[in-house]
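Structural description and commentary
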Amino acid sequence: MIGFAKRNLLLFFRDKSTVFFSLLAVFIIIGLYALFLGDVWASEYKEIANIRFLMDSWIMAGLLAVTSVTTTMGAFGTMVTDREKKINKDFYSSPVKRSSIAGGYVISAFLIGCIMSVVALILVEIYIVASGGKLLSVVAFGKVFGLILVCTLVNTAIVFFVVSFFKSNNAFATASTVIGTLIGFMTGIYLPVGALPDAVQFVIKIFPISHAVAIFRQVIMDVPLSEAFAGAPAESLIEFEKMMGVTYYFGDYEVTAWISILVLIVTTIVCFGLAVLNMTRKNK
């Protein structure tokens, strides 16, 4: 299993175009924000002294949460290529167990997602500091790194399930494009959740990856939020967090971080189970 995962890692990182396009969503989001979105949302809250630092942290927290989606998607491209070229049949005829082969794909995708997410974190921190913000504290960095591991595991499970349906690179490429385009809207990282219609807000709130976005925001935005709302009424902070999707509410019920983590755990188990079931059914 480990040897097979190593083979997939080498194939991924040798293909420079695959690596680049896996991070393309990161570059696009940073570019859009730096050139357009940042000024738009900063102008909406001119009364907040450190608004640019706050909004930088907001958009970059969302970016970190979705990076592992596009990067694991790129990593699973190896599995689709193996299917299309019938290379997987050679693996199945070898003494290696099919569970080890599937595990190799999953492990390599998870590691690639983690590595690329850490790269994205470094880029994010450079951008925030260059824009006048502050570096994360050691404790906050540790929490973010832990969230990267959890978020990547969840997204690996989701993408594994989605990719289990594809046998051609054309179909996979189309799906990757669609997912890469929609993921920013589905997780509320381009527009504040509170600015969207109620029906759209509901869809975002039940979308599993959105819960990862919310937890990232709670950690990364902790310092800028404390500075921005120091001395302000608690209601002002609550309304801002609801508006920006830092904390989700269903009516008056607050979705805590622990509930969001539970949603991510359940999603991981269900998606891995469905992916294995789907692949087993296809191989019969």
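Up top is the structure these notes are about.
The following paragraphs examine the structure supplied in this document. (Residues numbered from 1 in each chain as written. Predicted model: local features only at pLDDT ≥ 70, side-chain atom pairs only at ≥ 80, totals over all residues. Heavy atoms only, no water.)

Attention now moves to the pattern of salt bridges. Taken as a whole and judged by the stated rule, the model has two salt bridges. In this structure, Arg52 and Asp56 form a salt bridge, with 3.2 Å as the shortest nitrogen-oxygen distance. Note that Arg52 and Asp56 are positioned in helix H4 (residues 51-75) at a spacing of four residues, about one turn of the helix. Its relative accessible area of 24% is what places Arg52 among the partly exposed residues. Taking the relative accessible area as the measure of exposure, Asp56 reaches 0% and is therefore buried. We note a salt bridge from Lys134 to Glu227, for which the minimum N-O separation is 2.4 Å. Note that Lys134 is positioned in the loop between helix H7 (98-130) and helix H8 (138-163) and Glu227 in helix H12 (residues 222-228), a separation of 93 residues in sequence. On the basis of relative accessibility, which here comes to 35%, the residue Glu227 falls in the partly exposed class. (Salt bridge = Lys/Arg side-chain N within 4 Å of Asp/Glu carboxyl O. Helix = DSSP H or I, 4+ residues; strand = E, 2+ residues; numbered from the N terminus. Buried < 20%, exposed > 50% of the residue type's maximum accessible area, 1.4 Å probe, protein only.)

Overall, the coordinates contain five aromatic pairs when judged by the stated rule. With a centroid separation of 5.2 Å and an interplanar angle of 80 degrees, the aromatic rings of Phe161 and Phe165 are classed as edge-to-face. A relative accessible area of 43% places Phe165 in the partly exposed class. Ring geometry for Phe229 against Phe240: centres 5.2 Å apart, planes inclined by 50 degrees, an arrangement best described as tilted. Here the residue Phe229 occupies a position in the loop between H12 and helix H13 (234-244), and Phe240 occupies one in helix H13, the gap between them amounting to 11 residues. Overall, the relative accessible area of 14% leaves Phe229 in the buried class. Above the ring of Phe250, the side-chain terminus of Lys205 is found at 5.8 Å from the ring centroid. (Phe/Tyr/Trp six-rings, centres within 6.5 Å; stacked < 30°, edge-to-face > 60°. Lys NZ or Arg CZ within 6 Å of the ring centre and 35° of its normal.)

Another aspect to go through is the environment of Cys151. By the secondary structure assignment, Cys151 is in helix H8. Sequence-wise, Cys151 and Ala212 are 61 residues apart; in three dimensions their C-alpha atoms are separated by 6.3 Å. Aside from chain neighbours lying at most four places away, what touches Cys151 is Ala65, Ser68, Ala212 and Phe216. (Contact = heavy atoms within 4.5 Å.)

Core analysis: the largest hydrophobic core is formed by 72 residues, its most contacted members being Phe76, Val144, Phe216 and Phe240. Examining the composition of this core, we find that 15 residues originate from one element, H4, more than from any other. For Phe76, the contacting residues outside a window of four places in its chain are Tyr105, Val106, Ala109, Thr156, Val159, Phe160, Val163 and Phe172. (Core = buried A, V, L, I, M, F, W, Y, C linked by side-chain atoms within 4.5 Å.)

Attention shifts here to a nonpolar patch on the surface. On the surface, a cluster of nonpolar side chains totalling about 470 Å² of accessible area is made up of Phe202, Val203, Ile206, Phe250 and Tyr253. Here the nonpolar patch takes three residues from helix H10 (residues 198-206), the largest share from any one element. Within the secondary structure, Val203 sits in helix H10. (Patch = residues over 30% accessible without salt bridge, like charges linked within 9 Å, V, L, I, M, F, W, Y side chains within 5 Å. Areas by Shrake-Rupley, 256 points an atom, 1.4 Å probe, with all protein chains shown as cover.)

To continue, consider the layout of surface pockets. Empty space within the largest pocket amounts to approximately 860 Å³. In terms of lining, the largest pocket is formed by 34 residues, of which the most central are Phe21, Ser22, Thr70, Gly74 and Ser176. The set of elements that each furnish at least two residues to the lining of the largest pocket consists of helix H1 (2-14), helix H2 (16-22), helix H3 (24-44), H4, helix H5 (77-84) and helix H9 (169-186). Broken down by element, the lining of the largest pocket gets its largest block of residues, nine residues, from H9. Broken down by class, the residue content of the lining of the largest pocket amounts to 18 nonpolar, 13 polar and three charged. Size it by volume and the second largest pocket reaches roughly 310 Å³. Residue lining of the second largest pocket: 20 residues in total, with Ala140, Gln218, Val219, Ile220 and Asp222 positioned closest to the centre. Those elements giving two or more residues to the lining of the second largest pocket turn out to be H4, H7, H8, helix H11 (208-220), H12 and helix H14 (257-283). In terms of residue count, H11 provides more of the lining of the second largest pocket than any other element does, four residues in total. In the lining of the second largest pocket, the residues fall into 13 nonpolar, three polar and four charged. (1 Å grid on protein atoms, 1.4 Å probe; cavity = no way out; pocket = protein on both sides within 12 Å on 5 of 7 lines; lining within 4 Å. Points joined across faces, edges and corners; volume = space filled by probe spheres on them. Nonpolar A, V, L, I, M, F, W, Y, C, P; charged D, E, K, R; others polar.)

Everything listed here is a matter of coordinates, which is why it stays silent on function.
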